[in-house]
Amino acid sequence: MRFYAERAESMLADEVIATSAAHSAIKYQPIGPVLAVMPWNFPLWQVVRFAARPHGGQRRVLKHASTCRSLPFCSKTSSGAPVPDGAFTTLLVGSGSVAKIIADGRSPR
């Protein structure tokens, strides 16, 4: 987590690229929530791997593996970190809910 915390700003910085235009750059801007569907029961490592990476201001929604429904504490890995409210949401739902979540279109709050 420290690796990403120390490098997030540079990893998400605009990248100027050479083109025939007056100014061209790659910009990292949020376009919607990122949904991570955990495939199996390694709750802490999977959550850390998803939560630690910089996402350019995009909201992150994590659906734990169905076997983790009784372990909501493993979704608390970003507690205490300087993360805005609503930036990281955990869903404790079954796999059958994923298609409905993707189709819903709302951003989690």
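Everything discussed here concerns the structure shown above.
Right, let's walk through the structure included here. (Residues numbered from 1 in each chain as written. Predicted model: local features only at pLDDT ≥ 70, side-chain atom pairs only at ≥ 80, totals over all residues. Heavy atoms only, no water.)

We now examine the sheet that holds strand β4 (residues 60-63). Across a sheet, paired strands are connected by hydrogen bonds in the backbone, their directions being either parallel or antiparallel. One open sheet accounts for three strands, arranged β3-β4-β5; its pairing is parallel. At either margin of the open sheet sits one strand with a lone partner, and together these are β3 (34-37) and β5 (88-91). Adjacent strand axes in the sheet meet at a mean angle of 20°, parallel and antiparallel pairs treated alike. As judged from the four bridges shared by β3 and β4, these two strands associate in the parallel manner. Pairing of V34 across the sheet is with R60, part of β4. (Pairing = 2+ DSSP bridges. Helix = DSSP H or I, 4+ residues; strand = E, 2+ residues; numbered from the N terminus. Axes fitted to C-alpha atoms, helices over the stretch in contact; angles between N-to-C directions.)

Within the secondary structure, M38 sits in the loop between β3 and α2 (43-52). Taking the relative accessible area as the measure of exposure, M38 reaches 9% and is therefore buried. When the C-alpha positions of M38 and F50 are compared, they lie 9.6 Å apart, and in sequence the two are twelve residues distant. Apart from residues lying up to four places away in sequence, M38 is in contact with Q46, F50, L62, K63, H64 and A65. (Buried < 20%, exposed > 50% of the residue type's maximum accessible area, 1.4 Å probe, protein only. Contact = heavy atoms within 4.5 Å.)

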